[in-house]
Structures are given as C-alpha cells and as structure tokens.
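Next come the chains, spelled out residue by residue.
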Amino acid sequence: MWKQAWEKGDGSTATPSPRQGSDQEAQPSRADSEGSPLPPIDAALPVAGDVSGSALSAAGYKRTHSAESPSDTGPPSKKWKASHDSSFHQPGPSHTVPQSHPSELIVLYEPPSKLFFTHLYKQLREVDKEERYSRRHFVAARHVLLDLGSCASDLVWRRALLDLDANVSLAYNEDDEQAREYVALFETREIIKNWEYTMPNLDPSSRGINVTPKFLKLVQIIQSCRPHEDSFRGVVFVRRRAVALVMAELLRLLDITGLRPQVLVGKDIHINFEAQNEIFHDFQTGAYNLIIATKWAEDLEIPPASVVIRYDLFDSQLSYANCRARTRGRGAHLIHMTQRGSDTHRRRLLQITRLSDPMRTWMDSVAEHPEGTIPPVTIHDSYDPYLSDSEDENESVSYIKDPTTSGRIRLQDATGLIYRFAAAHNAKNDDPSLTLFQFDTVRSDWDSQVQFVCTVTLPPGLRIPPVSGTPSPSQAHARKAACYQMCAELYERGLLDPQSFPRPSLKSADKKRIPAISRPLDNEEDIVATVPGQVSAASKQNGTHGYLRKKPDFWANVAALKSNRLYPTVITAHAQEKHGPLVVLTRAHLPRFPSIKLFDSGFTIRTDLRRGAGFEVDEDCLQDLYNYTLRVHRTIVNKPFICQPEDMPYFLAPLKTSWSGFDRSPDDLSCLEEVVNDIPWGLVKLAAKSWVMPVETDDLDALVADAIVQDRWLEYTRRYSAVRLRRDMTPLSKPVDSPREAKYESFLEYCQIRRKGFEGLKDHNQPMIEVDRVLPVVNRLTPTSKAPPSSTKHPAKYLIPELCAYFTIPASTFRTALLLPSIMRRIDDMLLVKELNASLFDHSISETQLHAAISAPSVCAEFDYERLELLGDAYLKYLSSIYLFVTNPSQHEGALHSARLRIISNRALLLNAESVGLAPYIQAKPFVPKQWSPHNFSVAPPPPPKASAKSKVTDADQDSTGARVVAAEAAAEKPEEMEVEEVLMAQAPELDEGPELAYPEPTASPGEAPTEDVPVKDPAMHKEPHEASVKEEVTSKEAAKPVVGTSGPSKKAKKDDPNLQWLGDKSIADVVEAIIGAAYITGGSETALNVSKALHIGVPSIDQWSDFARKALAPPPDVTARLRPGTVEAIEEIVGRKFNRPHMLAQALTHASIQGYEMTCYQRLEFLGDAILDFLVIRHIYDRDATLAPGALTLLKARCPHNCRTPGAMVSNMTLGAICVEVGLHEHLMFESFDLANKIRAYVELLTQKRDEEYQLAKEEGRAPGQYWIDTPPPKALSDVVESVIGAIFISDNFSPEGAQSFFDKILKPFYDKHITLRTLSHHPTKTLFEILQAHGCQQFEVTRDYESNEEFGHGMRCDVVVHEVILASATGPSAISASKWAAVFALDAIEGDPDFITRTCDCRAKTLAKKAHKKALKQMLASLEGQMDEQPAAENAPAVAENEEGATVETTVDEGSAQS
C-alpha cells in the first residue's frame, strides 16, 4: 500500500535501511513485502544468499557479495575475499579477531514449500495405520522429509530393511497380537523391497525436484569449496541421527567430484573408541573428506577442518564454541545455515554470537584449551538438547534422572551443565583464569595404552571437593566422564534443582500426534494454534468436560528406584501448640520448597520444609519405617490403609525432642546437614509394632508431658491429648465439670454402669488425667479453616490411668501428622507446578505465580487465578492488537477487531490449552481430607467372616494387608511368640463401648469414634460398613475408566471420582490468561510473549518483541492530513515527549469526516491505543491495589458503553472524554463536521460546570472529588482521540512502551488516583462496597441502623457494616443516609488497609459447595433406596431399607463433612 520508508516530518529518513541492491540478502526479513520495514537490528555475522559462485567473507564482521557466474568456483581460501560494510559491525568495543579464528558466514536458504508425504509413506501407513509396529521409522521419515526432501524420506525405508527383517523373524508367534504384527511387518518389508526409488533431482526449475531448498543450498556450499582438492576437509553438524545417515547416502548418490562423506553418529562414538579413532584417522589422511555428525560429536577431537557447516542451529553458546574449535587453521570457515525470514533462526544467532569481550575470551579458551575456564557470566544454552529419532534408540546406558520433571542428564549433557553450574554459583567472582578441568595420564592395565583421567574442580566458594572420572582413551571422553561424575555428586548433595536438567519431552497432544497423510507436513518445531474460524450458535455454548487430574511424576519415579538410600525432608510447623518435627524420607531428593502457609481458625501456621543429607538404611530399619508410616496414615484418617513396601512413595519418621533445628542457613549450598542420628529409632520400632501401650501409673508425670491417650483398646477410636495430671482428683471424685459423667456420683460409678466387663480398679486413689479431644484432620489450606463442630455426645474430660493406654506416637508428633494431608496436597501442587514450568515454559515463570495461575477459585485456597487472569487478558488484547496492526497494514478497525476476537476468544484459548495438554494440571477441586489417600495407598478389603464365636479380631501389623484373626486363648498360651499389640489385646478388659472390629466406618476420624457409650452385641451390625467399603472401592475403580465412551460409569460416579475433575471451557481459558499474566509479572513483555507462543496463541512470525518494529509498515507523511501550525509543539507539551515521527501524530488527530483521508484517519491508531490503554490501566491498578480482589479491580477499570452509568470506569468513554478536555487535546482534533463542533462545545461547557460544582462540594464535605463526568456523555471522538494519541506515541517510539507509559504517568495516572479509587468510586460507596463483597462470593453482610444520641448531632443514627457477624466499620450521622454512606466509606478504607479480611472471614463459597455436596448425597441415598426396593421381594423390603438407610446416612455424612472441610 505504502511504498515509502519511515520518514521524519522534514522529509529526511529517520534511519537509513541497509537493504539496497544485492544487500537484500542481508537480513532474514521480508524482502518482498510492500514498503520498507522498520530499521532492523544489525546482524552479528556476514550473510551470503547465493554461494553457487564465489563469495566474499570476513572474520566475523564482514559482508559478502554473491557472484553471478556459477562456473566461477573455488575453495574459500582462494576465492572469498573481505569487503567492509559498517552496517554489519557488531555494536560495542572493537575486537580484533586473531588470524587463527575461523571466518564466519551466514548462508540463507529459502523456506520449503508445502511438503506432502510420499507415495511410499502413504502406502506403508495403510498397512500400519496407527504406527504401532514401525513407529521409529515413521518418525524418521517425517524428520528427513522436512530436512532433506521426499527422495531422502523414501531412503529411510530402504535403510530400515535390516531392522524389518529382524523384527519379522521375532514377531512370528501363535499369539494373535504378534500374528498381526508379523503380517504388518511382512507386508511392510515386501512393499519396501519392491519399491522403485527415484534419484535425487536438484534442478530448481524442474517440477520433479525432490530435495528441500535447504539441502540444495548445502550442495552448493560444498561444491563452492572444491571438494576435489586435497586441502578440503569439511564437517556438517545436523540435529538428528536419521538425517545424518540419509544425507550421507544422498551425497554419495549425487557423485560430487572428489567428495567422500562419512557419518559419525550414535552412542558408538562414546563406546567404540577404536571405530571413532579410525574415522578420524581416515579423515585426516583424506580417505574421507566430509564428516556428517550430530551434536554429540561437537566436542570430540575431530581433526582440523577447512569448513564447518551448521546445518541445524543449536541454541547454545557452548555448541557454538565447540564448532569454532573444530574450524581451525588459516582460511577456515564456519558457516551457519539459516532460513530466510525466520525470526527464530535470527534470534538464535544473535543470542549465541553477540558476545561481550569477557565471553569472547572465555569462548576462545574453550576452543583452544581442553582445560576450560569458569564462564564470566551464565552461558546461554538450550535446555532442550538433541535427542535421537526415538528417545530409547540411542539412550545412554546410565543417566541421572530428575524425579520431579523426568528430565535426564546423559553423558553428552554433563559438560554443558558443569559450565552453567560453575558460572551460576561463582558468587565471589573467583579468578576467571581458574581451570575447571585437569588431565592426568595413566597406563591401561591390559594393553598398556595411554589413557586420560580428568578431574573437575568447581569454584572454591562452593566448598565441593574435586571429582575425577574414569580413565578414557581421549581427553574429550575423559572430560565427559568426569563431568558426569560431578553431576552425580551434585545430585547426591541436592544441588541440582529441576532447572538444571534438560527439558523433558513435551507430553502434549500436538507433539505425540500422528499427522494425517492427506495434509501437508508442518514443521514440528514451529507448532502454532490454528485460529478458529466462525462457529455455529450451538458450538458457542460453554460446556463442562471431565479431565483426569494429573498426578506428580515424582512419586512414580521415586517408587521405581528400589533403593535403601533415603533422603530426608524435615517438616517443622510453627504454631501455638507444640508441633514436633516430622521427617519425610524419599528415595530421591524432594526439590526445594518455600514455606507453606496453613490456617487454623484465623491463625497462620508457617510450615518449613528443609532437606537433609541422605543416608543408607538396612532392611530391618526400612521395614520399621514402612510399618511406622502405615501406622501414622491409618491413624490420622482412621482408615485401614495398605501399601506394598516396594510401592511406598515415602516413609515417615519423627525426630528427637532434643533436636534444635538446622545450624546452617537454607542458602548454604556447601552441604546438607545430617538428621539420621536425630531419629529415635526405638520409638519408630515401638510404633511400628504396636499402636498403644498400657499406662504405667508409676511415671504419670512424664507421660502427660507429651502423650496421646485413649480409653479403648482399638486402633480406630477416639483419642485424647493429655493436658495435665490432676492429683487433686481420684476415681472416687465427683465429676463436677465433666459433662459425660456429670449425672454420676463418681468416675468409678460411671465405669461400673457404662463399661462392659468392668471388674473394678486396683487403686482407687490414683490421680486422674485431664485430657482434651484430639480433633479430626481438616483442610488447613483454606484461610477460612475452622475447628470442626463439637460432637453431640460429650467427650471425656478426665480419664482413669489404669483403664487407659497411651498412643505410641507422641502428641507433638501426632499434631504435625494431622497436618500431613494438607502438607502433602500442597507438595503435590508444587510438584505439578515444577513439571508444568519445565515441560512447557522452560522454567521461565515464577513458581509462586504459576501456582496461583492454575488454581481455580473453587479450591478455596489463599490464592487463585482471578487477579492474574485480569492481567493476562489485558496483555493478550495488547499483544494481539499490536500483532494485527503490524501484519495487516491495510485493514480497517472493524476487520482488526474481528480478527482479534478470533485470537483471544475463549474458544481459541480452550483449543490452545487442549493442544498443549494444560487441563490436567489445573487445580479446581477443593481439598477434602477425609477423601485423601497417599499415592499408591489403598483401603484394605474387609476381613472374612468370623470362624467361631470365640475368636476375636485383633491387630498384627506385621503384614501389609492389615487383616488379623488372633484368638484370645492363643494369646494366653504363647504370649512370648506374639506381637506386643496382640498380647495387649488378649489381656485387655472386654470393653462395652464400640465394636471390636478394627475396620472403621467411613466417617471415622482421629478425634471421633464410630459410636459412643453404646454397646454393640450383634455381629451382624458390623456387616453394613464393610459392604459400604466394598461398594466404595468398586465405584472408585469404575470412575477410573475413560470419561468419554458409551460404556463406563455414570456422570454422577465420574463427578465423585477424586481423580477426575470437571472444568468449564471458560475456566480453562481463564487459566491460559492467568498463566500469561504470571509470565508478565515474572519477566515482563518478552517472557509473556514466549509463554504465549508456548501456549500456541496465534501470533506466528513474531519471535521477540523487537520483531514488531522490524516488520511494521506505516503511511508516509504525504498521505496524512497536514497539521495546523504549532500543533506538534502543543501536543508534545501536553504529553511531555517528543514525536520521532510527527506524521503519526497527524494521523492520530484526523477525524474520519475529513474528505480524502478516510484511510489515514485515527481509527486504526484508536484500535491500537485502546489495547495499550487497557493494559496500562490494568497494570496500574494491579500494582496500586496489590491485594484487591479481581471484582474490585474490574469495577475500577471496567469499560462501559457510551450511556453506562456504572461509576469508576477508568477506560470508559465518559472518563476518557473528561481527560481529553482536562488536558486540552480536544482543541487539536481535526474534523470537518459542524454538528460535531457544536457537540464538543456544549460538552466542554457542561463538563466544566459540573467539575467546578463537584470540587466545591468535595471541599465542603472534606473528601476527595469524585466522578463529576458520569452523567455527561461526551462525543465519542473525544475518547477516541486519547486512545489514538497513545497509539501514535507507541508507534513513533518504534513499538517501545516507554512513551505510552510516560504519557500515562503524566496525564492519566494522576487523574485516576485523584478521582477513581475505592473511596471516591461514585457518589454511592454503599453500592460499591456491596459489589466488592459479592465479587468475593460473600452472602452474609448487611448494614445495620440504630438510633444513637450524639453531642454533635443530638439524636442521630448509627450504622454498622457487618460481615459474618464482625463489625467492619461504623459511622454516625444526622440521618440514616449520611451514616450509612460514611460507614461504607470507612469499610472501603478498612478493606484497603486489610485486604485479607474478606478471605479470612468469609466462607460462603465453601458453604455453597457443602450445600451442593449435601444435596448430591441425598439424591444418591434416594436412588439407592429405590434401587434396593425394586430388586428385593416385598417381604425383604423392610430390612433392606433399614440397612440402606444406615449406609446412606454414613455416605451422606462423608459428603457433608468433606464439603465442610
């Protein structure tokens, strides 16, 4: 549309474009686009677009010119000459490149056209439609098709014949599945054998060309280097093994004169040193003159090469240094092949080649000396290293696996990791000349060959001893081995966090999808979401779908280790009551976690998680830990948990009461402190064998200091914590203050009447133990967490020691154990956050912010995604508006608006979230402690029926099933052969309280017994809970089936499945926006852009923020309206900033009514400025009101229609119209409409009058002025011009937000802070207050009124703002209206001063969930009753109903209690 470049107002060019003549090849940007792009960033290296002839080069800083004659070829050392071009000098200090350094050159190749699968590929897919039997070869064929072309893709299958022959012979079997595999492999082999393969066609003018432009450019490079000459030695580095193998075969088929290629790939380069050494020898002598290698071979001692070609770019400065090291000698060249117009390639090159002088010095040392030095800064290195075509094809024999993210450190990754670790932890800036590696030589024992041993020495400040590797045949192999050993040492010390590991492979659907053979193959490295098209009305409806909740990989990874080495994490809770430390022992280090905030009735319990040094345990200790862990978990939730020892994800252990905490700071990385000696192993063994011990009356003082006691000899019963010993009371005392025994004359009389089988006491003068009920486990993750309601039946307050047993776990440790479900749930959440951050976002988002971003409000936690979603939504609008403005220079505002909706609509965000597999990571279900179960744990099935009436069910936990049947007679005969708990059960008096079965009802909890003081004599009464357990287990198994399908559980069963959560489509879209908001908070616009692309937001061709300025086109001055004299100076005075391109200001002030300038009026700039203003406003109130709820933020920001009466809309037309008049922008608007002029004049007069009146009234009332403009709708042009000026400033500053931010800070921010806050939000603060409370979900609030005498007013009114029976604010006044208004104002002040008040006080949202759960349970009970009545005969209806009513009541209690939790 516009053919001119950016120009200043005086007609001179702002920044000359270097793209002239043959220099069109210089920048990988749009050379054929209409108009000129914004000034590009200078290239770091010279660029050659055509190397078919001779070329010119320089050592890193020179330009090249293409020769036209293809016959003029020759080696680079003879034909390539230097030519100077200042446009491509690297900014910064001058740097003289030594003559030994290679000359570097960028060669551009055209992007490939649409690539379709070959006929051979399609025919093989018909045989193996799901790629079940030849998956690796299908993947290799696709990669080769993208990199080399269709001819090479078919060659993959020809090379696969040997593998297929072997697989066919192995697959022959009588089994049906293997028979199908045999048939498929046999047909595949026959097709490949009989296929007619085509020769490579390199003619670009031919329709039958079957190679990619990239490979064609490689052939031209090789030919220009004259491979027939003896001096030619070349190395080509590629990404994938399959590409290297087929590339060598293609080059042999081309029969290039003098070219002798060889392949160096796979793990053999690390194992078979003789074969590798033979290749190097042949390369040096000339038997081979071209090596095609993968990234794995970059740091090997390849003989010097005259040219090194990076066929694939690796995002790694270390890889760049190794390639420079392979290119040695005078006249050597390093060539980077990049795709024309690829912003990704451009960014990678700039990141790895733009070096400071210290980094350049370090890179030279890496290239020239094998010892290496500490990098001066953290080196840029990709966390996504090269993997072969399939992850298991060339898997290293050994690797270090991060259990959190499943990332693996292999041998080839270790060197780069050590460099990064040393640079990141060189806090004291040690001498940069210190070497990391030292080499020694040794003689091999069996062949006396010289071998090398490398020793790695990290910076002294880390205090980590040096580590040596195994003897190796070369220095490169020795360095790899030593670095790998050092990585193992760092891992053992807990110094390798998940960020240190290479990024694991993505688990999203896009990365694992099988491409449809009818569609062209896309480049899998640049996957972006397809912007959804127009949809029907039916498909626009928001839906709710079930998603399986993601379980952290950590627990499965550690359970698979099968090791006796344990790594402790100490849990320390800081609360009012004493909480003993508890140790979580895992087979691998848990990652570092911040402190966890738990809540108890409005108080915060800070819980620290500190890691200790690992230690070995023997089998006996491991068994004791296993039983102790089972004991703790079964006790805190009163469920008979079982778990096989080999599946136990973690173990628990207490610490001694004398343990005083860690001595070192958490930031001390030198070593972890040992805690193994502070574990009371005797107490662990005792608790593992028995849950209770009899109370010894001789030492009661020591017992009550830290003990849990119970008056029932059952594992699942009510427990009490000992408060103190009452020596002033005996069993004969009158129970005055004990409600349970109040109607009896003494405690002894209560026992005589109420306890079954009571035979009296040995000591009637023994003191009593005052106790307090142990509360059941509750959800401590919600700020509204409260103690559970008291039982209707009175608990005991005093217990007789002689009739009691004490729990083998101390009270302080047990209090911490009761927090364990909430702690482990939070640990699971944080593990998922680390997984998600690693797999999708390369650890670029703050984990705290990301955790909030994936937490829905329904979780009722201390944080959720709502505030971040508001920020992310504004950023998405900001990003997509700029993108559309830049990429659609001729589209009008309406078209841009429609296109933006397609990018940022909820439907588009939902599709993007599903494409990356985001939904399983979202946390939407509230935590229900009673439903909590540790990983790999399950509830034991009920025991078999009793064999006889004499037998009793007792407890022997030595087996993992928890089932036990021990006769009392056997206990009497052989007490010495039984477990301690069995002897206790046999000797204990027969209690009259509660059932004898050790399996609890589903509602049992640590502080509640299933029954109280009611003897149960009929064994049949215990049948119902067991049947309910079986029913519950079956339901859980059914719910684990796929959500979608014709068969499977009902929707009701799916919703009850704890592993399944139902998410609304909008909720998922909100999470996407929240994650982007979290990215912006973490790292600004660049990080948010990268995260947006990782989430497949539809902004292709933009790789970094500077790409907007490079790609943008703008109208030149002669197509915009002329400004009136003095306008530019006046506007610059208003905005406080100079305009780099004044003609953009002319467009911003041009109304559409001016004839002839309809295409350059302010509408496009208004579209852009609207998004920029939205984002600036949201960011301002997000920072200003840091803890304000999202609903209140929306009230402050909300955009309203033209006639909207809602107050406080910062970006509404009425507010912007008032600002326009306030600063005088309306005086410079250019238009040709008499009607518009009259409207503006009338609006200015009326607005000025209302402003003066409001200021006077505010002064009289002693308050800040409010929104005087809300009743005065302005002409829309006034609000539009404010936004268009912001857009003009943004573009004038090369798409930098600094100018727009300066305008906001100077004009808008003071206006907003003066007129639009919670206190000044309209003339109706009561309405504002209620809207804020409702936004929190609060339903229990009111304003109470009462008459009150006052000295100032006489008889007046008092108004209180009451929220959940808490008076938030009060005010008095002469009338109810005045008092309620000021009470609301004071309440808004209180909320601003204490933003956590509503979260801490209001539990309406949790109660709403509880009501829904209760209603759901009642429906389930009725359905169960109806089903039972229909199935059984009429005679059996009554007992069946009775049983079901009892069972349903239990089930209802579970749901109701869970919801309340």
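Conventions and cut-offs
Residues numbered from 1 in each chain as written. Predicted model: local features only at pLDDT ≥ 70, side-chain atom pairs only at ≥ 80, totals over all residues. Heavy atoms only, no water. Helix = DSSP H or I, 4+ residues; strand = E, 2+ residues; numbered from the N terminus. Buried < 20%, exposed > 50% of the residue type's maximum accessible area, 1.4 Å probe, protein only. Contact = heavy atoms within 4.5 Å. Areas by Shrake-Rupley, 256 points an atom, 1.4 Å probe, with all protein chains shown as cover. Salt bridge = Lys/Arg side-chain N within 4 Å of Asp/Glu carboxyl O. Pairing = 2+ DSSP bridges. Axes fitted to C-alpha atoms, helices over the stretch in contact; angles between N-to-C directions. Left-handed = near helix turned anticlockwise from the far one by under 90°. Nonpolar A, V, L, I, M, F, W, Y, C, P; charged D, E, K, R; others polar. Disulfide = S-S within 2.5 Å. Parallel < 35°, antiparallel > 145°, perpendicular 65-115°, else oblique. Expected span 1.5 Å × (residues − 1). Phe/Tyr/Trp six-rings, centres within 6.5 Å; stacked < 30°, edge-to-face > 60°. Lys NZ or Arg CZ within 6 Å of the ring centre and 35° of its normal. Polar contact = N/O pair within 3.5 Å; in protein donor to acceptor, adjacent residues only side chain to side chain. pLDDT = per-residue confidence, 0-100.

Caption draft 1: Representation of the overall build of the protein chain. Along its length, the protein chain carries 46 helices and 31 strands. Of all 1461 residues assigned to the protein chain, the portion counted as buried reaches 56%. Sequence separation of at least 24 residues holds for 73% of the intrachain contacts in the protein chain that already meet a minimum separation of 6. Carbon and sulfur atoms form 50% of the exposed surface of the protein chain, whose accessible area is close to 61900 Å².

Caption draft 2: Just the pattern of salt bridges, in detail. All chains considered together, the criterion is met by 50 salt bridges. Glutamate 190 is the partner of arginine 189 in a salt bridge, and the nearest nitrogen-oxygen pair spans 3.7 Å. Through salt bridges with shared partners, a single ionic network connects Arg125, Glu131, Arg135 and Arg142.

Caption draft 3: Representation of the sheet that holds strand 12 (residues 467–468) in the model. On the basis of which strands lie adjacent, the open sheet formed by three strands has the order 10-11-12 and antiparallel pairing. Each edge of the open sheet carries a strand with a single partner, namely strand 10 (437–443) and strand 12. Across the sheet, helix 15 (residues 475–492) touches strand 10, strand 11 (450–456) and strand 12, and the angle it forms with strand 11 is around 35°.

Caption draft 4: A look at the packing of helix 38 (residues 1213–1223) against helix 41 (residues 1298–1315). Closest axis-to-axis distance for the helix 38/helix 41 pair is 11 Å, and the angle between their directions is 120°. Taken as a pair, helix 38 and helix 41 cross one another with a handedness that is right-handed. Where helix 38 abuts helix 41, its residues Thr1215, Leu1216, Ala1218, Ile1219, Glu1222 and Val1223 lie against Ile1307, Leu1308, Phe1311 and Tyr1312. Each residue belonging to the contact of helix 38 with helix 41 can be placed in one class, and the counts come to eight nonpolar, one polar and one charged.

Caption draft 5: Summary view of the sheet that holds strand 24 (residues 768–773). What the six strands build is an open sheet, ordered 21-26-22-23-24-25; its pairing is antiparallel. At either margin of the open sheet sits one strand with a lone partner, and together these are strand 21 (692–694) and strand 25 (798–799).

Caption draft 6: Up close: the state of the cysteines. In the structure shown here, the tally under the stated rule is zero disulfides. Between cysteine 751, a free cysteine, and cysteine 804, which holds the nearest cysteine sulfur, the sulfur-to-sulfur gap is 9.0 Å.

Caption draft 7: Broad picture of the packing of helix 18 (residues 619–637) against helix 22 (residues 811–818). In the contact formed by helix 18 and helix 22, the axes pass within 10 Å of each other and the chain directions differ by 70°. Judged by the inter-axis angle, helix 18 sits roughly perpendicular to helix 22. Seen along the crossing, helix 18 lies across helix 22 with a hand that is right-handed. The residues of helix 22 that touch helix 18, namely those facing Tyr628, Val632, Thr635 and Ile636, are Thr813, Phe814, Ala817 and Leu818. Across the contact of helix 18 with helix 22, the residue classes tally to six nonpolar, two polar and no charged.

Caption draft 8: Representation of the pairing of strand 4 (residues 261–264) in the model. Burial along strand 4 is two-sided: the residues Pro261 and Val263 and Gln262 and Leu264 are all buried. Pairing analysis gives four bridges linking strand 4 to strand 5 (residues 290–294), with the strands arranged parallel. Looking at the pairing, proline 261 lines up with leucine 290 of strand 5.

Caption draft 9: The arrangement of the environment of proline 459 in detail. Following the sequence through the fold, proline 459 ends up in the loop between strand 11 and strand 12. Classification of proline 459 as buried rests on a relative accessible area of 2%. Taking C-alpha positions, proline 459 is 6.5 Å from alanine 422, a pair spaced 37 residues apart along the chain.

Caption draft 10: Structural context of helix 14 (residues 414–424). Buried residues dominate helix 14, accounting for ten of its eleven residues. Among the residues of helix 14, those classed as buried are Ala414, Thr415, Gly416, Leu417, Ile418, Tyr419, Arg420, Phe421, Ala422 and Ala423.

Caption draft 11: Fine view of unusual backbone geometry. The phi torsion at aspartate 842 lies on the positive side, around 55°, for a residue other than glycine. Phi is positive for histidine 1364, close to 55°, though the residue is something other than glycine. Mapped onto the fold, histidine 1364 is located in the loop between strand 30 (1354–1363) and strand 31 (1366–1373). Overall, histidine 1364 belongs to the buried group, its relative accessible area being 12%.

Caption draft 12: Representation of helix 10 (residues 273–285) within the structure. The terminal C-alpha atoms of helix 10 lie 18 Å apart, and with 13 residues this matches the ideal 18 Å at 1.5 Å per residue to within 8%. Positive phi appears at glycine 286, one or two residues downstream of helix 10, with a value of about 105°.

Caption draft 13: Molecular detail of the packing of aromatic side chains. Counting across every chain of the model gives 28 aromatic pairs. Taking 4.3 Å as the distance between ring centres and 10° as the angle between the ring planes, the aromatic pair formed by phenylalanine 117 and tyrosine 121 counts as stacked. Sitting above the plane of the phenylalanine 807 ring, arginine 719 keeps its charged end 4.9 Å from the centroid. Cation over ring: arginine 867 sits above tyrosine 1182, and NZ or CZ is 4.3 Å from the ring centre.

Caption draft 14: Examining the side chain of histidine 589 more closely. Positionally, histidine 589 belongs in the loop between strand 15 (582–586) and strand 16 (596–600). Assessed through its relative accessible area of 7%, histidine 589 is described here as buried. Here glutamate 492 takes part through its backbone oxygen, which lies 3.0 Å from a polar atom of the side chain of histidine 589. Leave out the neighbours within four places in its chain, and histidine 589 touches Pro403, Tyr491, Glu492, Arg493, Gly494, Phe554, Tyr567, Arg611, Gly612 and Leu672.

Caption draft 15: A look at the environment of leucine 1308. With respect to the helices and strands, leucine 1308 occurs in helix 41. Here the alpha-carbon distance between leucine 1308 and valine 1177, two residues 131 residues apart in the chain, equals 8.8 Å. Filtering out sequence-adjacent residues up to four positions away, leucine 1308 remains in contact with Leu1173, Ile1219, Ile1286 and Phe1303.

Caption draft 16: Representation of the confidence of the model for the protein chain. Put simply, the protein chain has an average pLDDT of 76, and 72% of its residues get 70 or more. Predicted confidence is poor over residues 1–44, with pLDDT under 50, and the contacts of this stretch with residues over four places away or in other chains come to 107 contacts. Segment residues 52–99: pLDDT under 50, and 111 contacts once partners within four positions in sequence are set aside and those in other chains are kept.

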